[in-house]
Amino acid sequence: MKTANGSRRSHARTATMLGLILTALAAATRPGETQTPPPDPLTASQMREDLDVFHREFFAADRAYSPAARTRAEAMLADLAGTLETTTRAQFELTLAKAVALADNGHTTSFGGPRARRFNRVPVRLTPFGEQFHVLWARPAHADLLGARLIGIGARPIAELRDSARTLTGGTPAWRDRSASFFLESPEQLAAAGLLETGDAAGYVFETLAGDTVERRFVAEPPAARRADAGARRWLFAADETTEWRSLQSAGSVPWSFQDGSVPFRWTMLPELDAAIVDLRQNHDAPDLPIRRVVRAFADSIRDAAPRHLVLDMRLNGGGDLNTTRDFMRGLPDLVPGHIFVLMSPWTFSAAISSIGYLEQTAPERVTLVGEGPGDRLEFFAEGGVVRLPNSGVVLLPATERHDYRTGCRDKPDCHGSVVRHPIAVPSLTADLPAPWTIAAYAAGRDPAMEAVAAALDDGR
């Protein structure tokens, strides 16, 4: 059963507001853009007004900061307030992002996608594999770079650039890298961070899949109001005939995991493994298609098909509402007599982590986690409502309630109500069978996690 495209829900205040927003941003299917003039410079008075809103609606609301981190953020914000007469728009936005990231919490966010629309960008799109960034989409003139690994920009090596990008997002290093491309693809932002002398153009250095070093000077494309907010997850899917971009993957050569890029919920049978596979790419409703109805239909279909094993693919699930799939997850062990394999990646975030936690604690002896660790820790802060600063347009998300999936929120009064009523207590969600996506496997159209599942089932026969 396949369903319609993902939605742009923006109202649910759940454990997974950030995941819901990220999934909605990533649902944009075309990176095509209309170039627009750069946004007007911000005056000191406008930035001061934005700072006041930041303090009142975001900083005062967020609960993820440690006392030491909050003190550091306060000092950073005070320094910013004292230099507004000489601060550019890009410097202002990046400084706010750094202050937000000091909370070291994945849900405490200054969104990079909306920021990327206001600043220039080079004609390639980067996606992280491990700690490296590879070109998965490019303008036709730069299609020779598809698959290439970014080595450096200007005189800066990738390690330094990656460290700088990680100061703009909180959470685990792998989660911080999910948003790094918004920064790495923008000479204007890199210059504002002091990493380039000028922000109009930059020399990028790549290593191709064949091992050759290529230096390419890009003149950055100007800001684009209609530029897709989609993050690096979008570039994992093949480009189609509706866009002028080229992609490393072609629609006819991708494994099942990268097919149907606009379809949020899928399932199919794998007769060769005597298994069903369910692919949930979000934990919230699609247009006119409530997710609760979807997972009930999946459960009925699996009962009818009667496979021995089940594969649950959560690798591209950025979250939504943990309440929508809780009963489905708890009931999965009753649907099959054999083993359940859960596929994870650093894109697995928020309600997706909650969902895996409910499944893992229901039948730990029958569940095997495959792939890479998820995009967050077992204890984090979430909830809160979106804050948009009136002049800069910066979009923020404070985190106001705790989630603790190690102890089930025991003796923690600041925990989210749903988790208190339906606790999750698991020792770890580290992958039992490590099988990360690598650029070599991706370029070859292979799926390492599914290969690991097949090998595990073969060993058990």
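Above this text you will find the structure in question.
Residue positions within a chain follow its written sequence, with the count starting from 1. At least 70 in pLDDT is required for a residue's local features to be given in this predicted model, at least 80 for side-chain atom pairs to be given and counted, and no such filter applies to totals for whole chains, interfaces and linings, which use all residues. Working from all heavy atoms in the structure, the side-chain values ignore hydrogens and water.

Student: I'd like to hear about the sheet that holds strand β18 (residues 433-434), residue by residue, with values.
Tutor: Read from one edge to the other, the open sheet built from 6 strands follows the order β9-β10-β11-β12-β13-β18, with strand pairing classed as mixed. Where the open sheet ends on each side, the last strands, each with one partner, are β9 (265-270) and β18. The pairing criterion for strands is at least two bridges between them, as found by DSSP. Helix and strand assignments follow DSSP, with helices taken as H or I runs no shorter than four residues and strands as E runs no shorter than two, numbered in order from the N terminus. Relative to strand β13 (residues 367-371), strand β12 (residues 340-344) runs parallel, the two being bridged by 5 bridges. Of the residues in β13, the one forming a bridge with M344 is G371.

Student: Just give me the short version of the side chain of N120, but keep the residues and values in it.
Tutor: Relative to the elements of secondary structure, N120 occurs in the loop between α5 (112-118) and β2 (124-129). Two N or O atoms form a polar contact when they lie within 3.5 Å of each other; inside protein one atom must be a possible hydrogen donor and the other a possible acceptor, and for residues adjacent in sequence the pair counts only when both atoms belong to side chains. A distance of 3.0 Å separates the side chain of N120 from the backbone nitrogen of E188, its partner in a polar contact.

Student: So what's going on with helix α6 (residues 158-166)? Residues and values would help.
Tutor: Taken residue by residue, α6 has I158, L161, R162, S164, A165 and R166 as its buried positions. Any two residues whose heavy atoms approach within 4.5 Å at even a single point are treated as in contact. Close packing links the buried residues of α6 with β3 (132-138), β4 (149-153), β5 (156-157), α7 (173-178), α8 (180-184) and α9 (187-192). Relative accessible area decides the class of each residue, using a 1.4 Å probe on protein chains only: under 20% of the type maximum gives buried, over 50% gives exposed, and in between gives partly exposed.

Student: Kindly report on the nonpolar core, identifying the contributing residues and their values.
Tutor: Here, the term nonpolar core denotes a set of buried Ala, Val, Leu, Ile, Met, Phe, Trp, Tyr and Cys residues that are joined through side-chain atoms within 4.5 Å. Counting 44 residues, the largest nonpolar core has L280, L312, M329, L332 and V342 as its most contacted members. Not counting the four nearest positions on each side in its chain, L332 is found in contact with L310, L312, I340 and L359. Core analysis: the second largest hydrophobic core is formed by 28 residues, V122, L126, L145 and A165 among them.

Student: So what's going on with helix α4 (residues 89-101)? Residues and values would help.
Tutor: Within an α-helix, residues lying three or four positions from one another point in the same direction, as the helix has 3.6 residues per turn. The first and last C-alpha atoms of α4 sit 18 Å apart over 13 residues, in line with the 18 Å expected at 1.5 Å per residue. Most of α4 sits inside the fold, with 10 of its 13 residues counted as buried. Residues R89, A90, F92, E93, L94, L96, A97, A99, V100 and A101 constitute the buried set of α4. Expected span, for any helix, means 1.5 Å times one less than how many residues it has.

Student: An account of the pairing of strand β7 (residues 213-219) is requested, with residue identities and associated values reported.
Tutor: Along any regular strand, the residues point their side chains to alternate faces of the sheet. The side-chain alternation of β7 yields one buried face, formed by V214, R216 and F218, and one unburied face, formed by T213, E215, R217 and V219. Direction of pairing for strand β6 (residues 201-207) relative to β7: antiparallel, over a ladder of 7 bridges. Directly across from F206, in β7, lies its bridge partner V214.

Student: Now, about the pattern of salt bridges: what can you tell me, with residues and values included?
Tutor: When a carboxyl oxygen of Asp or Glu lies within 4 Å of a side-chain nitrogen of Lys or Arg, that pair is called a salt bridge. Under the criterion given, the structure shown has 25 salt bridges. In this structure, the salt-bridge partner of D104 is R377, at a minimum N-O distance of 3.1 Å. Residue D104 is found in the loop between α4 and β1 (109-110), and its partner R377 is found in the loop between β13 and β14 (379-382); the two are separated by 273 residues along the sequence. For R377, a relative accessible area of 33% puts it in the partly exposed group.

Student: How would you summarise the packing of aromatic side chains if you had to cite specific residues and measurements?
Tutor: A pair of aromatic rings is counted whenever rings of Phe, Tyr or Trp (Trp by its six-membered ring) have centres within 6.5 Å, and the orientation is called stacked for planes under 30 degrees apart, edge-to-face for over 60 and tilted otherwise. All told, the structure shown has 13 aromatic pairs when counted by the stated rule. Each ring, one from W175 and one from F349, has its centre 3.7 Å from the other, and the planes form 0 degrees; the classification is stacked. Of this pair, W175 sits in helix α7 while F349 sits in the loop between β12 and α12 (351-362), and the two are 174 residues apart along the sequence. A relative accessible area of 7% places W175 in the buried class. The class of F349 is buried, set by a relative accessible area of 0%.

The analysis is restricted to geometry; functional conclusions fall outside its scope.
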